[in-house]
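Chain by chain, the residues:
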Amino acid sequence: MNNNTNPLARKDTTAIVRAGLQRRYAAEKRFKWYGLTAISIALLAVVLLFADILIKGLPTFWQTDIRLEIDFAPQIIDPDGRRNPDDLSLADYSALWKKSLRQLFPEVESREELRSLYALISSGSSLQLRDRVMANPALIGVTQNVDLLADDTVDTFFKGGVDRELPEAQRPLKDDQIAWLDKLKAEGKMETRFNTGFFTNGDSREAEQAGIGGALVGSIFTLLITLSLSFPIGVAAAIYLEEFAPYNRWTDIIEVNINNLAAVPSIVFGLLGLAVFINFMHLPRSAPLVGGLVLALMNLPIMIIASRAALKSVPPSIREAALGMGASKLQMVAHHVLPLAMPGMLTGSILAMAHALGESAPLLMIGMIAFIVDIPTSPFKPATVLPVQIYLWSTLPERAFVQRTSAAIILLLLFLAVMNATAIILRKRLERRW
Amino acid sequence: MNTTATTINSATHQGTLIVAQAEAPLKTGPRVIDYNDRRTVGDITVPDPKMVCRDVNVYYGENHAIKTVSIDIGNRQVTSLIGPSGCGKSTFLRCLNRMNDTIPGCRVTGEITIDKENIYDKNLDVVQLRARVGMVFQKPNPFPKSIFENIAYGPHIHGLAANKRELGELVETCLIKAGLWEEVKDRLEEAGTGLSGGQQQRLCIARAISVNPEVILMDEPCSALDPIATARIEELMDELRENYAIVIVTHSMQQAARVSQRTAYFHLGDLIEVGDTEQIFTNPQHRLTEDYITGRFG
Ligand SMILES: Nc1ncnc2c1ncn2[C@@H]1O[C@H](COP(=O)(O)OP(=O)(O)O)[C@@H](O)[C@H]1O
Ligand SMILES: [Mg+2]
């Protein structure tokens, strides 16, 4: 190194570096601020979204009841006294609570007025009474206080959703109805309790009877089928491609196509499912079976990619160690690689399942958007799923349905959060160092 | 001097392929062999060979990594492979237990026998070969399992231990032979990966001898270890030599001189010189060997 040829020898390098420092620090500081601003905006959006959903959705978890003294009159329920279950189930139970209401408000006489009086109670109350009697026929002839489901407008009214100041014509409840409710309330006959029906009921046209149960069971069936298909197939495919497949043009093509499939819009899988599973294989329409199949197809590429990444992350030294001991390739994979890759695969599959849980577009294509009251008892029965139920409710104008939409979203988000948390915990738990 | 040597090497590199080792290897001569002669100097045979390699070529795709190498691996002695980085020592070592099979695009030609059986024969089972030719890697790579399981794995997959008690005894024997027993006997259930680097490498050696191999290959087994751990492993090699044929790749010429009885010097895929360790280090015949062991390049 000759000083004559080194251009830096003539300069005060320390001073130059120091002069530049100011600018570098400023740039760093600016970048920090950009980052903070971005995060704040994102956080604010999340907080606003959650606050809106919580405020709208939380009231759903409470339900207003009206306590009526019901006379389980034998002449209405079982006129010929044979206690035949068929007769019991066909009886006119609405007569029971209507009679009880009339006794409470004897001044109401005209048909018009009576109709608006009866409108305070949910039509589901008759079923409620029937179930009670069917479960315990000894009730017949007894007089008992029963908490009956209030109509959704009443429920909304007691949750503060109806403005008394509005002109009568713009209110869902009329003046006389409000007067009756006030009286019931004053007599302590109005009650608010935890809304178990929301979790156990299927869908209904009546908001107060509509529950998420059917969609929940539908989602569970669908996801079980998706998981039981996509996990083993995905893992097996990943193991083959990563550990056994030769490196050639075919495996290259397969790899490229798997990556492409992962990017295919989900609705395309729905169309495929419609064409193959329903039109060609004649599997039942609207069934979780088909939904599960479609989502399994959709998840497969994601599962394969996640599993391959997990396999790739197992250090080659472990493979060498196993092969060097004389393990066969399958033994190497089964004894050493798979146990190490499993946490990554499980995490990947849970995230893929969370993705599937929130998916609705492909399920619309195979008819899982039908209005279904019964809770499905098997994956072959028509059903809907959580996100589709949310969509269905969101199109309805009743305030109670607006609230149920938000409540269903809360549940869906809760499930997603639980699944993601499980994935993180699993990863932390099973993670091994080597 | 240094630069001149390198220039000559690269200039004549193409020519070396043609020179090849078609003729019989040169016997040790009185004169020093010049840089551009790539025929193997020294006696490639030993009186009691465990493995015999003849005209071994290895290609990684287009890259000709081992060029017509012939050498005997002697029984009950340590053979060390030395040479500058990238000269193919590890590649050659991996030929001896067919670990090269696992590398896509790697092709091996020539003949390698163990007790006169060709190891690249179609009928020879590679699983069985690897039970006969154990390997210890550069970076200690115990399985992320307990110390016990690490040793028990080989016997388990090959079905060597008849019962639990025998397996326990086997594990103990291997750990004693590897000089690790006293340090780990109270924590056999703890993770093998929790040991220190030197202990891990001895665990790997114990694991390698657990299937009672005939040959042990070691690829720079001490390069990740401190001098004390290195000394322990070298001691161990000296003991193991009584029962096994050992081949070790090393970058440390002192180590080669200390532990091995025979030394082979590789250069850019060619086996340049082979002979008794003492002779190689005191009286190298080839200029390349001389340059390397005197530290002029490498
Ligand atoms: N897995 C591999 N794939 C392709 N080329 C390799 C591989 N391993 C080694 N090589 C090449 O083979 C030559 C010899 O490498 P190696 O045997 O690792 O040398 P050494 O162990 O003596 O340092 C080098 O040119 C290297 O680039
Ligand atoms: Mg090497």
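Residues numbered from 1 in each chain as written. Chains lettered and ligands numbered in written order. Predicted model: local features only at pLDDT ≥ 70, side-chain atom pairs only at ≥ 80, totals over all residues. Heavy atoms only, no water.

S.K.: I keep staring at the overall build of chain B and nothing clicks. Help me out?
M.R.: When helices and strands are tallied, chain B shows eleven helices and ten strands. Counting all 298 residues of chain B, 53% fall into the buried class. Considering only residue pairs separated by 6 or more positions, chain B has 68% of its internal contacts joining residues 24 or more positions apart. A total accessible area of about 12900 Å² is found for chain B, and carbon and sulfur atoms account for 50% of it. (Helix = DSSP H or I, 4+ residues; strand = E, 2+ residues; numbered from the N terminus. Buried < 20%, exposed > 50% of the residue type's maximum accessible area, 1.4 Å probe, protein only. Contact = heavy atoms within 4.5 Å. Areas by Shrake-Rupley, 256 points an atom, 1.4 Å probe, with all protein chains shown as cover.)

S.K.: Teacher, can you tell me more about the sheet that holds strand S8 (residues 245–249) of chain B here?
M.R.: As a general point, the strands of a sheet are linked pairwise by backbone hydrogen bonds and lie either parallel or antiparallel. Residues and elements named next belong to chain B. In spatial order, the strands read S6-S7-S8-S3-S9-S10; together these six strands make up an open sheet with mixed pairing. Each end of this open sheet is capped by a strand with a single partner; those strands are strand S6 (133–136) and strand S10 (270–276). Each adjacent strand pair in this sheet contributes to an overall mean axis angle of 15°, direction not counted. As judged from the four bridges shared by strand S3 (residues 78–82) and strand S9 (residues 262–267), these two strands associate in the parallel manner. Following the sheet pairing, leucine 81 is matched in S9 by alanine 264. Helix H7 (residues 197–209) contacts S6 and strand S7 (215–219) of the sheet and is inclined by roughly 170° relative to S6. (Pairing = 2+ DSSP bridges. Axes fitted to C-alpha atoms, helices over the stretch in contact; angles between N-to-C directions.)

S.K.: Got a minute to help me understand the confidence of the model for chain B in this structure?
M.R.: Any residue range with low pLDDT should be treated as having predicted coordinates unsuitable for detailed reading. Residue and element names in this part refer to chain B. Looking at chain B as a whole, its pLDDT mean stands at 85, while 89% of the residues score no less than 70. For the stretch residues 1–30, pLDDT sits under 50, and the model shows 41 contacts to residues farther than four places along the chain or on other chains. Both scores are available for the predicted complex, with the pTM at 0.81 and the ipTM at 0.83. (pLDDT = per-residue confidence, 0-100.)

S.K.: Can you walk me through the nonpolar core in this structure?
M.R.: Side chains of a nonpolar character, in soluble globular proteins, are inclined to be buried together. Membership of the largest hydrophobic core comes to 64 residues, with the highest contact counts inside it found for Phe92, Leu96 and Phe266 of chain B. Take this core: its biggest share by element is seven residues, from helix H15 (residues 329–357) of chain A. With residues up to four places along the chain from it excluded, the contact list for phenylalanine 266 of chain B reads Ile66, Val69, Leu81, Ile82, Gly83, Pro84, Cys87, Lys89, Phe92 and Leu271 of chain B. Counting residues in hydrophobic clusters, the runner-up holds 45 residues, among them Phe61, Ala383, Ile390 and Ala400 of chain A. (Core = buried A, V, L, I, M, F, W, Y, C linked by side-chain atoms within 4.5 Å.)

S.K.: Looking at this structure, I do not really get the sheet that holds strand S4 (residues 106–114) of chain B. What am I missing?
M.R.: Residues and elements named next belong to chain B. Taken in spatial order, the four strands make up an open sheet running S2-S1-S4-S5, and their pairing is antiparallel. Every interior strand has two partners, whereas the edge strands, strand S2 (63–74) and strand S5 (117–118), have only one. By the bridge criterion, eight bridges tie strand S1 (residues 49–60) to S4 in an arrangement that is antiparallel. Bridge pairing in S4 links tyrosine 60 to cysteine 106.

S.K.: Quick question: what am I supposed to make of the state of the cysteines here?
M.R.: Put plainly, two cysteines are in a disulfide when a covalent bond ties their sulfur atoms together. The tally for this structure, following the rule as stated, stands at zero disulfides over all chains. Distance from the sulfur of cysteine 87 of chain B, which forms no disulfide, to the nearest cysteine sulfur (cysteine 95 of chain B) is 13 Å. (Disulfide = S-S within 2.5 Å.)

S.K.: What is the right way to look at the pairing of S7 of chain B in this model?
M.R.: Looking along a regular strand, one sees the side chains alternate between the two faces of the sheet. All names here are of chain B. The element S7 is largely enclosed, with a buried count of five among its five residues. Burial of S7 is two-sided: the residues Val215, Leu217 and Asp219 facing one way and the residues Ile216 and Met218 facing the other way are all buried. Relative to S7, S6 is paired through four bridges, and the arrangement is parallel. From the neighbouring strand, glycine 134 faces S7, where its bridge partner is isoleucine 216. For S7 and S8, the ladder comprises five bridges, and the chain directions are parallel. Residue pairing across strands places isoleucine 216 opposite isoleucine 246, the latter belonging to S8. In this region the chain leaves S7, passes through helix H8 (residues 227–240) and returns to the parallel neighbour S8; the handedness of that crossover is right-handed. (Right-handed = clockwise from strand over helix to strand, strands pointing away.)

S.K.: Sorry if this is basic, but what is going on with the environment of leucine 411 of chain A here?
M.R.: All names here are of chain A. Inspection of the secondary structure assignment puts leucine 411 in helix H18 (residues 399–430). In this structure leucine 411 comes out as buried when scored by relative accessible area, which is 9%. Distance in space between the C-alpha atoms of leucine 411 and leucine 386 is 8.7 Å, their sequence separation being 25 residues. Apart from the residues within four sequence positions on either side, leucine 411 is in contact with Phe198, Phe199 and Ile212.

S.K.: Can you help me understand the site of ligand 1 in this one?
M.R.: Residue and element names in this part refer to chain B. The immediate surroundings of ligand 1 are formed by Tyr60, Asn63, Ala65, Ser85, Gly86, Cys87, Gly88, Lys89, Ser90, Thr91, Arg94 and Ile103. Ranked by residues supplied to the shell around ligand 1, first place goes to helix H2 (residues 89–95) with four residues. In the shell around ligand 1, the residues fall into four nonpolar, six polar and two charged. (Near = heavy atom within 4 Å. Nonpolar A, V, L, I, M, F, W, Y, C, P; charged D, E, K, R; others polar.)

S.K.: Quick question: what am I supposed to make of the pattern of salt bridges here?
M.R.: Pairing between side chains becomes possible if they bear opposite charge and their charged atoms approach one another. In the structure shown here, the tally under the stated rule is 32 salt bridges over all chains. Its salt-bridge partner being arginine 171 of chain A, residue aspartate 175 of chain A comes within 2.9 Å of it at the nearest N-O pair. With a relative accessible area of 7%, arginine 171 of chain A lands in the buried category. Bridged by salt links that share partners, the residues Lys50, Asp115, Glu117, Arg132 and Glu214 of chain B form one connected network. (Salt bridge = Lys/Arg side-chain N within 4 Å of Asp/Glu carboxyl O.)

S.K.: Explain the interface of chain B and chain A to me, please; I cannot follow it from the model alone.
M.R.: Accessible area lost during the coming together of the parts is what is often quoted as the interface size. Across the boundary between the two partners, chain B contributes 21 residues, which contact 19 residues of chain A. Taken together, both faces of the contact between chain B and chain A bury some 1700 Å²; the carbon and sulfur share is 66%. Summed over the three residues of chain B that lose the most area to chain A, namely Phe143, Pro144 and Tyr153 of chain B, the buried surface amounts to 30% of that side. For the pair chain B and chain A, the interface holds zero salt bridges. Between the two partners, chain B and chain A, sit five residue pairs in polar contact (both at pLDDT 80 or more). Every element with two or more residues in the side of chain B that touches chain A is listed here: helix H3 (126–132), helix H4 (147–158) and H7 of chain B. For the side of chain B that touches chain A, the element with the most residues is H4 of chain B, which contributes four residues. Residues of the side of chain B that touches chain A, tallied by class, amount to twelve nonpolar, six polar and three charged. (Buried area = accessible area lost by both parts, 1.4 Å probe. Polar contact = N/O pair within 3.5 Å; in protein donor to acceptor, adjacent residues only side chain to side chain.)

S.K.: Help me understand the domain arrangement of chain A, please; the structure alone is not making it clear to me.
M.R.: All names here are of chain A. By domain assignment, chain A separates into domain 1 (3–58), domain 2 (61–200) and domain 3 (213–430). Each of domain 1 and domain 3 was reduced to a C-alpha centroid, and the two centroids are 39 Å apart. The interface is formed by six residues belonging to domain 1 together with seven residues belonging to domain 3. Together, the buried faces of domain 1 and domain 3 total about 490 Å²; carbon and sulfur atoms form 81% of this surface. Together, Ile53, Lys56 and Gly57 form the three largest contributors to the area buried by domain 1 at its contact with domain 3, with a combined 79%. Here domain 1 is connected to domain 3 by zero salt bridges. Applying the counting rule to domain 1 against domain 3 returns zero residue pairs in polar contact (both at pLDDT 80 or more). Partitioning the side of domain 1 that touches domain 3 into residue classes produces four nonpolar, one polar and one charged. (Domains from an automatic or database assignment.)

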